Amino acid sequence: MSSHIPFARMNGIGNAILVADLRGRADRVTPDAARALASDPATAFDQIMAIHDARTAGTDNYIQIINSDGSFAQACGNGTRCVVAALAAETGKRSFTFETVAGILNARENDDGSISVDLGMPRFGWQDIPLAEEFRDTRMIELQIGPIDAPVLHSPSVASMGNPHAIFWVDEDVWSYDLDRFGPLLENHPIFPERANITIAQVTSRGSMNIRTWERGAGLTLACGSAACAAAVCGARTNRTDRIVEITAPSGGKLSIEWRDDDHVIMTGPAEWEFSGTLDPETGAWQRDVEDVA
Ligand SMILES: N[C@H](CCC[C@H](N)C(=O)O)C(=O)O
């Protein structure tokens, strides 16, 4: 058996994803391999979605999600759409049930080619996010950054979509905030014992908002699907928006998020293939497939 596995570089509205195929194997993509692939501009990514054989009856595959710093994530909405696109193209199947460290999730390819992922039910309890101390009302927690008497960002809503999110509501254009400066400080703030994905959100109507996200373990990204879901549920929960919201990501790409009456959050959007190759899951050494080379 070759030590190399097939992979595809893909993106979900700009969120850079490597889909790695470890089906039929017992090994894993190592954090070292992830960091090596992240540091090469040709394979630089936000998340690796490692597809493994199913561990639980009734599921299609187990998916491990690895951030570009080598840490693991419980959820990745944009990456899950890329996995669906890759597996649907290979198998012709259109509905999938995946298992991740955060539980079971269902996803499907729609007739118009878009892909919908059911990210399950959001959680709002302070221990679920988790926060380091008790907050009874997580629609708005005490946390601010910038000058003490004139904070630049403050009072975020927090939620878990399997992974931890803080949503800072802003009035100005999302591009007018130094998220690259504030993001690392907030991601690593002691209030978040498992760190957090940090999003700024500008509500533009009851059914739309613009967001930018500093991702835990990946930094500024062109899009973050679970953050879009967290922003949508927090928007509805604070009565800023309705339960169906169109979210515009920094890439300009759009996701449609519905927080259904049964409490499930459904994210719909595209997935795009870029190129494929093979990689060594232990070291991150990789090669582009020959037919892709122009
Ligand atoms: N890009 C992903 C989120 C990655 C989350 C990760 N940064 C973490 O929770 O550590 C998405 O589309 O949902």
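Computed from a prediction, not measured in an experiment: that's the story for all the values here.

Quick notes on the rules
Residues numbered from 1 in each chain as written. Predicted model: local features only at pLDDT ≥ 70, side-chain atom pairs only at ≥ 80, totals over all residues. Heavy atoms only, no water. Helix = DSSP H or I, 4+ residues; strand = E, 2+ residues; numbered from the N terminus. Rg over C-alpha atoms; globule rule 2.2 N^0.38 Å. Contact = heavy atoms within 4.5 Å. Areas by Shrake-Rupley, 256 points an atom, 1.4 Å probe, with all protein chains shown as cover. Lys, Arg positive; Asp, Glu negative; His and termini not counted. Charge placed at Lys NZ, Arg CZ, Asp CG, Glu CD. Buried < 20%, exposed > 50% of the residue type's maximum accessible area, 1.4 Å probe, protein only. Pairing = 2+ DSSP bridges. Arc of directions from axis to C-beta. Near = heavy atom within 4 Å. Polar contact = N/O pair within 3.5 Å; in protein donor to acceptor, adjacent residues only side chain to side chain. Phe/Tyr/Trp six-rings, centres within 6.5 Å; stacked < 30°, edge-to-face > 60°. Core = buried A, V, L, I, M, F, W, Y, C linked by side-chain atoms within 4.5 Å. Domains from an automatic or database assignment.

Turning to the overall build of the protein, a few remarks are in order. Along the protein, the regular secondary structure elements total 4 helices and 20 strands. For 294 residues, the compact-globule estimate of 2.2 N^0.38 gives 19 Å, and the C-alpha radius of gyration of the protein, at 18 Å, lies within 12% of that figure. In the protein, the proportion of contacts linking residues at least 24 apart, taken out of those at least 6 apart, comes to 61%. As displayed, the protein offers around 12,500 Å² of accessible surface, 49% of which is attributable to carbon and sulfur atoms. One finds the centroid of the 24 positive side-chain charges in the protein at a distance of 3 Å from the centroid of its 41 negative side-chain charges.

With 7 of 7 residues buried, strand S4 (residues 61-67) lies mostly within the body of the structure. Burial of S4 is two-sided: the residues Asn61, Ile63, Ile65 and Asn67 facing one way and the residues Tyr62, Gln64 and Ile66 facing the other way are all buried. Note that strand S3 (residues 47-53) and S4 share 7 bridges and pair antiparallel. For Ile48, the partnering residue across the bridge sits in S4 and is Ile66. The sheet contact formed by S4 and strand S6 (residues 95-100) spans 2 bridges and is parallel. If you follow Tyr62 over to S6, its bridge partner there is Glu99.

This part covers helix H3 (residues 179-187). Those residues of H3 that fall on the buried side of the exposure criterion are Leu179, Phe182, Gly183, Leu186 and Glu187. On an axial view of H3, the arc spanned by its buried residues comes to 125°, and they lie on one face. Among the exposed residues of H3, those pointing more than 90 degrees away from its buried face are Arg181 and Leu185. The secondary structure elements touched by the buried residues of H3 are strand S9 (144-145), strand S10 (153-154), strand S12 (164-169), strand S13 (197-205), strand S14 (208-215) and strand S15 (219-220).

Neighbouring the ligand are 15 residues, the closest being Asn15, Gly77, Arg216, Gly225 and Ser226. Separating an oxygen atom of the ligand from a backbone N or O atom of Gly77 is a distance of 2.7 Å. In the environment of the ligand, an oxygen atom lies 2.7 Å from a nitrogen or oxygen atom belonging to the backbone of Ser226. Surface burial for the ligand is 100%, taken as the share of its 360 Å² of free accessible area covered by protein chains.

As a further point, take the packing of aromatic side chains. Applying the stated criterion to the full structure yields 5 aromatic pairs. Between Phe7 and Trp286, the ring centres sit 6.0 Å apart and the planes meet at 85°, which makes this aromatic pair edge-to-face. Note that Phe7 is positioned in strand S1 (residues 5-12) and Trp286 in strand S20 (residues 286-288), a separation of 279 residues in sequence. Taking the relative accessible area as the measure of exposure, Phe7 reaches 3% and is therefore buried. A relative accessible area of 23% means that Trp286 is categorised as partly exposed. Ring geometry for Phe96 versus Phe98: centroids 5.7 Å apart, planes at 10°, classification stacked. Per residue, the accessibility class of Phe96 equals that of Phe98, and both read buried. Clustering of aromatic rings is evident, with ring pairs tying together Phe7, Phe275 and Trp286.

Turning next to the nonpolar core. Grouped together as the largest cluster of nonpolar side chains are 51 residues, with contacts concentrated most on Val83, Phe98, Met209, Ile211, Ile247 and Ile257. A domain split of this core shows at least three residues from each of domain 1 (5-120 + 271-288) and domain 2 (126-263). Sequence-distant contacts of Ile247, defined by excluding residues within four places in its chain, comprise Met209, Ile211, Ala228, Ala231, Ala232, Gly253, Lys254, Leu255 and Ile257. The next biggest cluster of nonpolar side chains, apart from the first, holds 22 residues, and it includes Tyr177, Ile191, Phe192 and Ile200.

Another point: the side chain of Thr100. By secondary structure assignment, the location of Thr100 is in strand S6. Exposure remark for Thr100: the relative accessible area of 7% places this residue in the buried category. Of note is the side chain of Thr100, whose polar atom sits 3.4 Å from the backbone oxygen of Gln74.

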